[in-house]
Structure formats: structure tokens, C-alpha cells
Amino acid sequence: MIGLAESENQPRRNLVFYFFVLFCTIVIFAYVLWYFVLPFFWGYEKLDMFPDYYWVANSRGEIKQLVIVFKNNGTQKLTIEEVWLDDVLVDSADWKSWSGERTLEPKSTNTFYMAPKDLTFEKGRDYNLTMVTARNNHFSFTLNVNEDNTKTEKVKIEQCYFYHWPPTSNDKFIGIEVKSFGDINVIIKEVWIDSVSFSVSPRLWLNQFHSTDDIEISFPWKKGSTYNITIQTVAGSTCQVTATAD
């Protein structure tokens with residue numbers, strides 16, 4: 001009788017086990033479907049532009065740069081892959097974001113600049129800006145250049161200093177203290193020491209009115225020697241000083 005009872009209970013245990021496995025499988029499937037599959041089909045990208053964009057004129061009066069803030073108002077994160085201005089693809093080296101990231105999470109914002117080489121923007125003209133995402137969605141905006149949204153950047157070199165780092169080493173550096181004294185972002189992209197060019201990477205953003213920051217360049221300076229030091233912004237402004245290593 002005992003053997004018969006055990007044999008009758010065995011199918012029941014197996015059935016409970018099968019139901020448990022089935023239940024777990026359904027739960028896992030529902031989780032994957034809800035959090036990974038459905039958002040792919042139901043989610044969407046939506047890139048919006050803040051209205052207070054502005055154009056940047058350099059120290060020679062040339063309008064060479066656009067600064068604009070975007071917000072991801074979609075439900076999926078989006079990654080900007082391409083930037084087009086009037087059907088001309090902007091080189092990836094000529095547009096960047098303040099954070100260095102091209103991906104915007106939902107509801108997040110980021111500041112971007114565009115400064116295409118060999119292009120000077122004209123006052124009174126409209127330009128079509130198109131941002132293309134990694135999912136090949138296109139978001140287009142019409143931007144006008146006028147007196148009210150064009151600003152001139154102002155930047156200068158406050159001082160230069162020559163030092164070793166670490167202090168007891170033979171490694172020589174030149175520090176360049178740069179100051180923005182305008183009311184817009186200034187982005188430093190290049191430094192010349194005499195005729196030698198150095199790319200500033202990552203580029204130095206001076207983000208606030210009267211903002212000051214330093215650029216550090218590894219350079220084999222000699223005590224008592226004089227150097228011509230020049231900085232250049234993304235918009236094309238330049239500033240030069242003469243400094244003596246002491």
C-alpha cells in the first residue's frame with residue numbers, strides 16, 4: 001500500500017514542478033517582453049531645440065560658429081550621428097557637445113556647437129540644420145542669422161608660466177591662463193608656441209562670463225628664452241602674448 005501511495009504522489013510532484021517551471025518561464029518572458037522588446041517598438045525619438053541659440057562672431061567680425069541647446073523629449077535615448085547644414089555634411093571634427101557626449105537620455109539636455117571649416121555664416125540668411133540619429137531619424141530646424149542672436153566672443157591670455165612637473169623632474173610644461181571676458185561660451189581648440197602647433201584635447205570650454213581656466217602644454221622651454229604664444233578659438237579668434245621662461 002505504501003508503494004502504491006508513493007507512486008500516486010510522484011506524478012503530482014512532477015506536475016507541480018512542471019507548473020512551477022512554466023510559471024517562471026512566463027514571468028521571465030513577460031519581463032523581457034515588457035522591458036526590452038516592447039520599448040523598442042513603442043518608444044520613439046524626439047529632439048527639440050531651445051529657442052535661444054546664437055551665432056558666434058570672432059575677433060575679426062566673421063560669424064563662424066553656432067551654439068545651440070537640444071533636449072531629448074522622446075522616450076528612448078538618442079545618439080546624434082551626423083550634422084547637416086543646408087545639405088552639406090559637417091565634418092565630425094567640427095561639431096561637439098559641451099559634455100563630449102553625443103547621446104542624450106530621455107528628458108536630458110546638452111549644448112552643441114557647429115563650426116564648419118571654410119564656412120562663414122551671413123547675416124540675414126536662414127540656414128537649415130538637420131540632426132541625424134543612430135536610428136536614422138532626421139530632425140530639421142530653420143535658423144536665422146540676425147543682429148539679436150549674433151554675439152562676438154572676447155578672450156585673452158592672462159599669463160603664462162613655465163614649470164617642471166613633477167617639480168623635481170626634467171619634464172617641462174608651459175601653463176597658459178586663458179580668460180573669457182564676453183558673455184558667451186568660448187572654446188579653445190589650438191595653441192601655437194612660436195611655430196609649433198598643439199591641439200587642445202579635450203577642447204577647453206570657458207562657459208561663463210569672466211570665466212578663467214588653464215591650458216597645460218608639454219614643451220622643452222629653456223630658461224631665459226622668449227616665446228610667442230598664441231591661442232585660437234573654434235570660431236577663429238586668436239590672441240598672442242610674448243613670454244620669457246624664468
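Please refer to the structure higher up on the page.
Residues numbered from 1 in each chain as written. Predicted model: local features only at pLDDT ≥ 70, side-chain atom pairs only at ≥ 80, totals over all residues. Heavy atoms only, no water.

A.B. asks: If you had to explain the overall build of the protein to someone new, which residues and values would you point to?
C.D. replies: For the protein, the count of helices and strands is one helix and 18 strands. Each of the 246 residues in the protein was classed as buried or not, and the buried ones make up 39%. Pairs at least 24 residues apart make up 61% of the contacts formed inside the protein by residues separated by at least 6 positions. Carbon and sulfur atoms make up 55% of the accessible area of the protein, which amounts to about 14700 Å² in all. (Helix = DSSP H or I, 4+ residues; strand = E, 2+ residues; numbered from the N terminus. Buried < 20%, exposed > 50% of the residue type's maximum accessible area, 1.4 Å probe, protein only. Contact = heavy atoms within 4.5 Å. Areas by Shrake-Rupley, 256 points an atom, 1.4 Å probe, with all protein chains shown as cover.)

A.B. asks: Give me the pattern of salt bridges: which residues, what numbers.
C.D. replies: Scanning the entire structure with this criterion turns up eight salt bridges. One salt bridge in this structure joins Lys46 and Asp48, with 2.9 Å as the shortest N-O distance. Classification of Lys46 as partly exposed rests on a relative accessible area of 35%. Residue class for Asp48 comes out partly exposed when judged on its relative accessible area of 24%. (Salt bridge = Lys/Arg side-chain N within 4 Å of Asp/Glu carboxyl O.)

A.B. asks: Any details on the sheet that holds strand S16 (residues 212–218)? Residues and values, ideally.
C.D. replies: Within the open sheet, the three strands sit side by side as S12-S13-S16. Their pairing is antiparallel. Every interior strand has two partners, whereas the edge strands, strand S12 (155–164) and S16, have only one. Ignoring strand direction, the axes of neighbouring strands in this sheet form an average angle of 20 degrees. As paired strands, S12 and strand S13 (residues 172–180) are joined by nine bridges and run antiparallel to one another. Counted as the bridge partner of Gln159 is Glu177 from S13. (Pairing = 2+ DSSP bridges. Axes fitted to C-alpha atoms, helices over the stretch in contact; angles between N-to-C directions.)

A.B. asks: Before we move on, can you summarise the packing of aromatic side chains with the specific residues and values?
C.D. replies: The geometry of an aromatic ring pair is captured by the separation of the ring centres together with the interplanar angle, meaning the angle of the planes. The full count for this structure, using the stated rule, is 14 aromatic pairs. The interplanar angle of 35 degrees and the centroid separation of 6.4 Å between the aromatic rings of Trp95 and Phe112 together place this pair among those described as tilted. Separated by 17 residues along the polypeptide, Trp95 in strand S6 (residues 95–97) and Phe112 in strand S8 (residues 109–114) bring together distant segments of the chain. Just as Trp95 is buried, Phe112 falls in that class too. An aromatic cluster is present here, built from Phe162, Phe198, Phe219, Trp221 and Tyr227 joined pairwise through their rings. In this structure, Lys156 packs its charged tip against the face of Phe181, placed 5.5 Å from the ring centre. (Phe/Tyr/Trp six-rings, centres within 6.5 Å; stacked < 30°, edge-to-face > 60°. Lys NZ or Arg CZ within 6 Å of the ring centre and 35° of its normal.)

A.B. asks: Can you break down the side chain of Gln65 residue by residue, with the values?
C.D. replies: When you line up the elements, Gln65 lands in strand S3 (residues 63–72). Under the relative-accessibility criterion, Gln65 is labelled buried at 1%.

A.B. asks: Quick one: what's the story with the sheet that holds strand S15 (residues 196–206), residue by residue and with numbers?
C.D. replies: If you trace the four strands from one edge of the open sheet to the other, you get S15-S14-S17-S18, paired in antiparallel fashion. Unpaired on one side and paired on the other, S15 and strand S18 (238–244) mark the two borders of the sheet. Direction aside, neighbouring strands of the sheet carry axes that sit 25 degrees apart on average. Where strand S14 (residues 186–193) lies against strand S17 (residues 226–233), five bridges are found, and the strand directions are antiparallel. Bridge pairing in S17 places Ile188 opposite Thr233.

A.B. asks: Please provide a residue-by-residue account of a nonpolar patch on the surface, values included.
C.D. replies: A grouping of Phe17, Tyr18, Phe20 and Val21 is seen on the molecular surface, where their side chains present a nonpolar patch of about 450 Å² in accessible area. Within the fold, Phe17 resides in helix H1 (residues 2–42). (Patch = residues over 30% accessible without salt bridge, like charges linked within 9 Å, V, L, I, M, F, W, Y side chains within 5 Å.)

A.B. asks: Go over the pairing of S13 with me, naming the residues and quoting the values.
C.D. replies: For a regular strand, the rule is simple: side chains alternate between the two faces of the sheet. Burial within S13 is extensive, with eight of its nine residues counted as buried. In terms of strand pairing, S13 meets S16 through seven bridges, oriented antiparallel. Directly across from Ile174, in S16, lies its bridge partner Ile217.

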